[in-house]
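Chain residues, written in single-letter form:
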Amino acid sequence: MRKVMLSLALMAFLSSCQDKTKEKLDEAKDAVKEEVTATIDSAKIKAEAKLDTLKDKAKSKIDSAKIKSADKIEEAAKKLKESVKK
């Protein structure tokens, strides 16, 4: 009878510990999930900022290239006009 009572008491103790362990695991899982989400969000923000910077740099380089090419075309047109006049 003692063995049965001890066995039941041990099983009750282990099952209650198991519930606490599950709760702790669930809390840890939620914490990790939040941390990963926060890390992904911050990485996304950083990537968007870098992309915006690169877009601005590319646009300014393209604009300067357009201006330079327009200047060269005008210069070539002037030379052509001068050569036609002569």
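The text that follows walks through the structure, step by step, so that each part is easy to find. All residue numbers refer to positions counted from 1 along the written sequence of the respective chain. Local features in this predicted model are restricted to residues of pLDDT 70 or higher, and side-chain atom pairs are both shown and tallied only at a pLDDT of 80 or more, whereas totals for entire chains, interfaces and linings draw on every residue. Working from all heavy atoms in the structure, the side-chain values ignore hydrogens and water.

With that out of the way, let us pick up the pattern of salt bridges. By salt bridge we mean one thing: a side-chain nitrogen of Lys or Arg within 4 Å of a carboxyl oxygen of Asp or Glu. Per the stated rule, a full pass over the model turns up 1 salt bridge. Here Glu75 makes a salt bridge to Lys79, at a shortest N to O gap of 3.7 Å. Of this pair, Glu75 and Lys79 both sit in helix H1 (residues 2-85), 4 residues apart, which is roughly one turn of that helix. For Glu75, a relative accessible area of 46% puts it in the partly exposed group. Here a helix means four or more residues in a row that DSSP labels H or I, a strand means two or more in a row labelled E, and each is numbered from the N terminus. Relative accessible area decides the class of each residue, using a 1.4 Å probe on protein chains only: under 20% of the type maximum gives buried, over 50% gives exposed, and in between gives partly exposed.

As a further point, take a negative patch on the surface. Residues qualify for a patch when their relative accessible area is over 30% and they have no salt bridge, like charges being joined within 9 Å and the nonpolar side chains of Val, Leu, Ile, Met, Phe, Trp and Tyr within 5 Å. Only the protein chains shown count as cover for residues, with accessible areas throughout obtained via the Shrake-Rupley method and a probe of 1.4 Å. Two residue types count as positive, namely Lys and Arg, and two as negative, namely Asp and Glu; His and chain ends fall outside the count. Each charge is placed at NZ for Lys, CZ for Arg, CG for Asp and CD for Glu. Together, Glu23, Asp26, Glu27, Asp30 and Glu34 make up a region of like negative charge exposed at the surface. Among the structural elements, Asp26 can be located in helix H1. In this structure Asp26 comes out as partly exposed when scored by relative accessible area, which is 43%.

A contiguous nonpolar patch, built from Val32, Val36 and Ile40 and spanning about 270 Å² of accessible area, is present on the exposed surface. One can find Val36 in helix H1. Residue classification places Val36 among the partly exposed residues on the basis of a relative accessible area of 43%.

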